[in-house]
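Observations on chain architecture
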Amino acid sequence: METGPNEPEKRAPVAALLVRLEGGSSLPGACGKSQYPVPSGPVPSPAMALGKLQKVLISDSLDPCCREILQAGGLRVLEKPGLSKEELLREIRDCDGLIVRSATKVTADVLEAAERLQVVGRAGTGVDNVDVDAATRKGVLVMNTPTGNSLSAAELTCGMILCLARQIPQAAASMREGKWDRKKYMGMELNGKTLGVLGLGRIGREVATRMQAFGMKTIGYDPIISPEASAAFGVEQLPLEQIWPRCDFITVHTPLLPSTTGLLNDSTFAKCRRGVQVVNCARGGIVDEGALLRALRSGQCGGAALDVFTQVNGQALSKAFAPQTKPWIALARALGTVLRTVGKEVQGSVQVCTLGTPLRESGSYLTPAVAAGMLAGGSQKEVTLVNALLLAQETGLKVTTTHSDVDPKPDSTAGLLQVSLQGTPHQATGTVQGSTPVLQELSGATFKQPAPLCGPVLIYRANASEPSVLPVLTGLLRKMGIQLQSYHSSGMVAGEQWNIVGLSAPLSDLGGLKPHIMEVFQLYL
């Protein structure tokens, strides 16, 4: 469970346990009168399990009380959240202890680099971001705080369900825009609706009992908890195949295992009641995010509230449905596709540059859109905003992002997006006019009027002195019954021009055009 940055959480027990292992104080006055009890249960003595702990690295954001408890126990604390993999490998070398949440992945190479590491503590339920086998081989103790955030996670899940049902985030955003759309955001009552709870451990059962107070019927599935035990807290257990079609809401509370990865996927979404609402506050990957995006677009899924993602790119997923950002995502994807086609490669380095204050915070969702455009039509599995950056990395494509508040067109109120294939002359620049993505510049050639990038598009480069191209093209279109919807040409660069033609349908044969031009590409954007 990776909670929001401002949510108060009970994360300090792992710090208390580290202090006990180290053999230090029993925490009197560590944070005044601590609200965090020292974890109970047998703890290995320092002599048996660990040497003396001296330095502990906290590599994820935690309540300050965690640091204070450790310091009160006589430990030196290095608090550095947000480290890159390379930075973590450097920082961990001389640390005796490591405390993480979900963002830090304690892999075998991290453990190998940690020459003095004796203990890893995870502030939360589960240890699936820690390579426990590698830690065990090295003699590193791995601990977690299984009850430390159960109530916090359950309350967050219930809040997510309420937000979905009553459309609270959308209504708040509308009101901030000065609107008062009461009828548009009426939402639905939870009373009488069916909630499917997948995973009936500590958090799942707390969610179920709380939502029962709203009049929801709770059904669920857990391969470990017996039906008799779940019936005691009001949950009827059913096979998964019977759960999918009965639920108005589904919430997942399982660890991330091979058996739970992609538990909600294209197949299971198809079996669900149309408009089902999905909540994931457990682990990124339990819900197949590509399948979720498709289900949201088709209406099979009526809404989703996610606190965790396979990658930290949830903003790209949410922004894909915001009316004001949809055209920009379409532009970014189109520029990536155009650049890949013109550059004839999907390897190397791509620089994404956003220009103008309106795009100051846009890199987080435009960058994966550019990557998706670069990879579209390749040999990879379906590319989405969720997996684009990961697939780009695996393909050998490095995508970096920069921003400048200075817009090269002072009269522009929208901003500009530039995508460059580094080490080549290929660059594509565009913006959004109204709700239409348009291309303004391609490989140094500026278009006299911005060219729309949507639907079937023919892009060709020709000698500016070649007068026969347009008559040949219109003849081909007439022969095939295709309408010319737009035609835009660039200024000359070294006697050559780029031309972009919007069509009502793709051309099935470009053979008659090729003798008159230097190169031609046909895309569907």
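All values reported here derive from a predicted model rather than from experimental measurement. (Residues numbered from 1 in each chain as written. Predicted model: local features only at pLDDT ≥ 70, side-chain atom pairs only at ≥ 80, totals over all residues. Heavy atoms only, no water.)

A look at the confidence of the model for the protein chain
Cut-off, in case you're wondering: pLDDT measures the predictor's confidence residue by residue and takes values from 0 up to 100. Only heavy atoms enter the contact rule, under which two residues are in contact if any of them lie within 4.5 Å.
On average, residues of the protein chain carry a pLDDT of 85, and 86% of them reach 70 or more. When the criterion is pLDDT under 50, residues 1–11 qualifies, and its contacts beyond four places in sequence or with other chains add up to 37 contacts. Every residue in residues 23–50 scores below 50 in pLDDT, and together they form 46 contacts with partners more than four places removed in sequence or on other chains.

Regarding the state of the cysteines
Where we set the bar: We call a pair of cysteine sulfur atoms a disulfide whenever their separation is within 2.5 Å. Using a 1.4 Å probe on the protein chains alone, a residue whose accessible area is under 20% of its type maximum counts as buried, one over 50% counts as exposed, and one in between counts as partly exposed.
Taken as a whole, this structure holds zero disulfides when the rule is applied. A disulfide-free cysteine, Cys-66 has its sulfur positioned 7.9 Å from the sulfur of Cys-65, the nearest such atom. A relative accessible area of 1% places Cys-66 in the buried class.

A short note on the side chain of Thr-251
What counts is decided by this rule: Numbering goes from the N terminus for both helices and strands, where a helix is a DSSP run of H or I of at least four residues and a strand is a run of E of at least two.
Here Thr-251 is to be found in strand E9 (residues 249–252). By relative accessible area, Thr-251 is classed as buried at 0%. If sequence neighbours within four positions are ignored, Thr-251 has contacts with Thr-157, Leu-195, Gly-196, Val-197, Leu-198, Val-207 and Val-279.

What about the sheet that holds strand E19 (residues 484–489)?
Our working definition: What makes two strands pair is DSSP finding at least two bridges between them. Each axis is a line fitted through C-alpha atoms, taken for helices only over the stretch in contact, and angles between the N-to-C directions span 0 to 180 degrees.
Spatial ordering of the open sheet is given by E19-E20-E18-E21, a layout of four strands whose pairing is antiparallel. Lying at the two open borders of the sheet, with one neighbouring strand each, are E19 and strand E21 (519–524). Across this sheet, the average inter-strand angle for adjacent strands is 15 degrees, counted without regard to direction. Strand direction decides the pairing type here: E19 and strand E20 (residues 496–503), joined by five bridges, are antiparallel. Note on E20: the bridge partner recorded for Ser-489 is Asn-499. Here helix H15 (residues 326–343) sits on the sheet in contact with strand E18 (456–463), E20 and E21, set at roughly 150 degrees to E21. Sheet strands in contact with helix H18 (residues 469–480) are E18, E19 and E20, and its direction is about 150 degrees off that of E18.

Things to note about the nonpolar core
We count it as follows: Here, the term nonpolar core denotes a set of buried Ala, Val, Leu, Ile, Met, Phe, Trp, Tyr and Cys residues that are joined through side-chain atoms within 4.5 Å.
In terms of nonpolar packing, the biggest core is built from 44 residues, with Leu-335, Val-350, Leu-417, Leu-439, Leu-442, Ile-459 and Trp-498 touching the most fellow members. Look past the residues within four positions of Ile-459 in its chain and what remains in contact with it is Val-338, Leu-442, Trp-498, Asn-499, Ile-500, Glu-519, Val-520, Phe-521 and Leu-523. In this structure, Ala-153, Leu-195, Met-216 and Ala-305 belong to the second largest nonpolar core, which totals 23 residues.

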